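Below, each chain spelled out in residue letters.
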Amino acid sequence: MTTTYAALLRGINVGGNKKLPMADLRTLLEGLGLDGVRTYLQSGQAVFTSGHGDEESLAADIARAIEKRFGFTVDVVVRDHAYLAAIVADCPFPAAELEGKQLHVTYYSVPLADDRFAALDQAAFLPEEFRLGDRALYLYAPDGLGRSKLAAELSRPRLNKGVVATTRNWNTVVKLVEMTAS
């Protein structure tokens, strides 16, 4: 039985750093024995099918292959279609009423406990808000991620210690559900 996955690569092709052309990424993933490889945008999303492995081992294999081939490390989160669809279905914000740039999901490598964010005074950042989900954090940033003070606070190393975290806007979140459905 094969499963369709999305691989989310953190921090590639941003500001001229960690350049990884999507054609090269597709070739690398195919070389790992993954099937039906497709990429989305230049910011590190790939969709593929695999009949072996699990999310964690696939992420580790992809990260190792990138380091070996390109000479730099990249954090990778791999999630299957069912998980991605559940993230969309479980969104605590009115996604249909918002622009894609206003809503973001940070995918985490592991589940996070609420107490990790207990010291954060959410009221100080209103109207921006966040909610935790299953290995994910939903962020409502009405003025976009680039202007979000809450996003800057949430990305601090003390809040992300020991986890891999990578963020996507809502348009990409929805597109990955579509791409992994077929």
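The model shown is predicted, which means the values in this text are computed figures rather than measured ones. (Residues numbered from 1 in each chain as written. Predicted model: local features only at pLDDT ≥ 70, side-chain atom pairs only at ≥ 80, totals over all residues. Heavy atoms only, no water.)

A.B. asks: Summarise the pattern of salt bridges; cite the residues concerned and give the values.
C.D. replies: For the structure on display, the rule yields eight salt bridges. Between Arg131 and Glu129 there is a salt bridge, with the nearest N and O atoms lying 2.7 Å from each other. Judged by its relative accessible area of 22%, Glu129 falls in the partly exposed class. When salt bridges with common partners are traced through the structure, they connect Glu55, Arg79, Asp134 and Arg135 into a single cluster. (Salt bridge = Lys/Arg side-chain N within 4 Å of Asp/Glu carboxyl O. Buried < 20%, exposed > 50% of the residue type's maximum accessible area, 1.4 Å probe, protein only.)

A.B. asks: Could you give an account of the environment of Ser155, naming the residues involved and the relevant values?
C.D. replies: The residue Ser155 is located in the loop between helix H4 (149–154) and helix H5 (157–160) in this model. Among the polar contacts made by the side chain of Ser155, one reaches the main-chain carbonyl oxygen of Ala152 at a distance of 2.9 Å. (Helix = DSSP H or I, 4+ residues; strand = E, 2+ residues; numbered from the N terminus. Polar contact = N/O pair within 3.5 Å; in protein donor to acceptor, adjacent residues only side chain to side chain.)

A.B. asks: Which residues make up the sheet that holds strand S3 (residues 45–50), and what are the values?
C.D. replies: The four strands are arranged S2-S3-S1-S4 in an open sheet whose pairing can be described as antiparallel. A strand with exactly one partner marks an edge of an open sheet, and here the two such strands are strand S2 (35–40) and strand S4 (76–80). The sheet shows a mean angle of 20 degrees between the axes of neighbouring strands, taken without regard to direction. Judged from the five bridges that link them, strand S1 (residues 3–9) and S4 form a sheet pairing that is antiparallel. Following the sheet pairing, Ala6 is matched in S4 by Arg79. (Pairing = 2+ DSSP bridges. Axes fitted to C-alpha atoms, helices over the stretch in contact; angles between N-to-C directions.)

A.B. asks: Got a sec to walk through the environment of Tyr107? Specific residues and values, please.
C.D. replies: You can see Tyr107 is positioned in strand S5 (residues 103–108). C-alpha separation for the pair Tyr107 and Gly133, spaced 26 residues apart in sequence, amounts to 9.4 Å. Sequence-distant contacts of Tyr107, that is, excluding residues within four places in its chain, are made with Leu8, Val77, Tyr83, Leu84, Ile87, Arg135, Val164, Ala165, Thr166, Arg168 and Val173. (Contact = heavy atoms within 4.5 Å.)

A.B. asks: For helix H6 (residues 170–181), give the residues involved together with the corresponding values.
C.D. replies: Taking 1.5 Å per residue as the helical rise, H6 with its twelve residues ought to reach 16 Å, and the 17 Å between its terminal C-alpha atoms agrees with that figure. If you check which residues of H6 are buried, you get Trp170, Thr172, Val173, Leu176, Val177, Met179 and Thr180. The distance from a side-chain oxygen at the start of H6 to the backbone nitrogen of Asn171 is 3.0 Å, and the residue carrying that oxygen is Asn169. (Expected span 1.5 Å × (residues − 1).)

A.B. asks: Could you give an account of the packing of helix H1 (residues 22–31) against helix H2 (residues 55–70), with specific residues and numbers?
C.D. replies: One can describe the packing of H1 onto H2 by two numbers: an axis separation of 10 Å at closest approach and a directional angle of 120 degrees. On the basis of their axis angle, the class for H1 and H2 is oblique. The way H1 lies across H2 gives a crossing that is right-handed. Counting all contacts with H1, which are made through Asp24, Leu25, Leu28 and Leu29, the residues of H2 involved are Ile62, Ala65, Ile66, Arg69 and Phe70. Among the residues forming the contact of H1 with H2, the class breakdown is seven nonpolar, no polar and two charged. (Parallel < 35°, antiparallel > 145°, perpendicular 65-115°, else oblique. Left-handed = near helix turned anticlockwise from the far one by under 90°. Nonpolar A, V, L, I, M, F, W, Y, C, P; charged D, E, K, R; others polar.)

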